[in-house]
Amino acid sequence: MSEKTETATAVGLRGVKAGNTAICTVGAEGHGLHYRGYSIEDLASRSSFEEVAYLLIHGELPARARLEAWRREIGENRRLPDMVKTVLSTFPADAHPMDVLRTGVSALGVAEPEQGLEDGKRSAVRLLGALPSMLGYWYLSSRGKEAPLDVEAEHHADYVMRMLKGDPPTRLECQMMDNSLILYAEHEFNASTFTARVCASTLADFCSCIAGAIGTLSGPLHGGANEQAMALISRFENPEDAARGVRDMLARKELIMGFGHGVYRVRDPRNGVIKAWARKVSEARGDMRLFEISEAIENVMWEEKRLFPNLDFYSATAYHMAGIDTLLFTPIFVISRISGWAAHVIEQRADNKLIRPLANYTGPEHRAYVPMGER
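## Comments concerning the layout of surface pockets
Roughly 1300 Å³ of volume is contained in the largest pocket. Lining the largest pocket are 42 residues, with Arg14, Asn190, His261, Gly262 and Val263 sitting closest to its centre. Going through the elements one at a time, α10 (191–201), α15 (289–305), α16 (311–321) and α17 (329–350) are the ones with two or more residues in the lining of the largest pocket. Tallying contributions element by element places α10 first for the lining of the largest pocket, with three residues. Of the residues contributing to the lining of the largest pocket, the split by class is 21 nonpolar, 13 polar and eight charged. Volume-wise, the second largest pocket comes out at about 610 Å³. Contributing to the lining of the second largest pocket are 23 residues, with Ala18, Gly19, Phe194, Ile355 and Pro357 lying nearest its centre. Looking at the lining of the second largest pocket, the elements with two or more residues in it are α1 (3–8), α10 and α17. Grouping the amino acids of the lining of the second largest pocket by side-chain chemistry returns 11 nonpolar, seven polar and five charged.

## Topic: the sheet that holds strand β3 (residues 38–39)
Within the open sheet, the three strands sit side by side as β1-β2-β3. Their pairing is antiparallel. Looking at strand neighbours, the two that pair on one side only are β1 (24–26) and β3, the edges of this open sheet. Two elements, β1 and strand β2 (residues 33–35), share three bridges in a ladder whose sense is antiparallel. Paired with Cys24 across the bridge in β2 is Tyr35.

## Considerations on the confidence of the model for the chain
Taken over all residues, the pLDDT of the chain has a mean of 93, while the share at 70 or more is 98%. Every residue in residues 1–7 is under pLDDT 50, and counting partners more than four places away or in other chains gives four contacts.

## Considering unusual backbone geometry
Notably, Arg36 is not glycine yet its phi reads approximately 50 degrees, a positive angle. Tracing the chain through its elements places Arg36 in the loop between β2 and β3. A relative accessible area of 23% means that Arg36 is categorised as partly exposed. Residue Leu203 is not a glycine yet carries a positive backbone phi of 70 degrees. Examined against the element boundaries, Leu203 turns out to sit in the loop between α10 and α11 (206–217).

Conventions we followed
- Residues numbered from 1 in each chain as written.
- Predicted model: local features only at pLDDT ≥ 70, side-chain atom pairs only at ≥ 80, totals over all residues.
- Heavy atoms only, no water.
- 1 Å grid on protein atoms, 1.4 Å probe; cavity = no way out; pocket = protein on both sides within 12 Å on 5 of 7 lines; lining within 4 Å.
- Points joined across faces, edges and corners; volume = space filled by probe spheres on them.
- Helix = DSSP H or I, 4+ residues; strand = E, 2+ residues; numbered from the N terminus.
- Nonpolar A, V, L, I, M, F, W, Y, C, P; charged D, E, K, R; others polar.
- Pairing = 2+ DSSP bridges.
- pLDDT = per-residue confidence, 0-100.
- Contact = heavy atoms within 4.5 Å.
- Buried < 20%, exposed > 50% of the residue type's maximum accessible area, 1.4 Å probe, protein only.

Here it is as structure tokens:
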């Protein structure tokens, strides 16, 4: 391979600008994150997930009356067609929830075919409402609990928490979830979003684009870091044990999930927000053990590797202390990121060109065909 070819090849498309977007900027000055120009810090402290979803999909923050209408619209889309319920009811309790959601979205695409590419915003709100219902209907029903799909929750986060737990959540848990949904809503051309855009560029229907994104997110190198962070945190009895254990893991060159980021160089701006919520939920439960273990791991990773925690790390503690099954951590990512995925599908369709990159061939040069009898 020539030096020129090596220079021109970006393995994993690292550093390549693969398209234009007005939706999100990531990594400005090593730590910035903005949704359509608004900083994640401002949105997390002052808005709601419904506002953020509207901003991503429609381009502007809604006025009060429009926000209330948008909330009602999301609520009206929580119902599930009987076909989708039937499909979901066939999955066993030990099915992977990401597989359940991917298949549920495909079933919805069959039950309610998209009427045209201009129907994108309608498809977006349909999935915003339906995804928590899909997860809750399968998860609760498969465990012998009632899935209250007709719960009229004022805020989307309240409904999400009800679908995750079955039992009425606390106000603090719902506030934590609302902030978490905002933080996970959008992140530029990450792997799952890029998958959705590639699919959209072929003029595939909306549900196909989202099913592809969910499949991409199910891979452990993209989604699932918060689940792996929970597995790590749960291994230790106390902060001292955690500090020793993580240093031993680093000495063995084991990968510590939930630290560093492919885009941020200085810090993940979302981490401070979710860390504060992890502390609040832990304090409300009267159990600071996991939070203190998490802090001990954070300190070791900074001292030894100069690596900062990303959003996934403290999400694990926040979700666990809110009573959420670890199996559902990555599906929460889906329930949030549908807002960003939808915005990107709509944007791709608005100024579409089929995404078809070139490949750098590394196989053998031309070879003469050898007849069967001479091999």
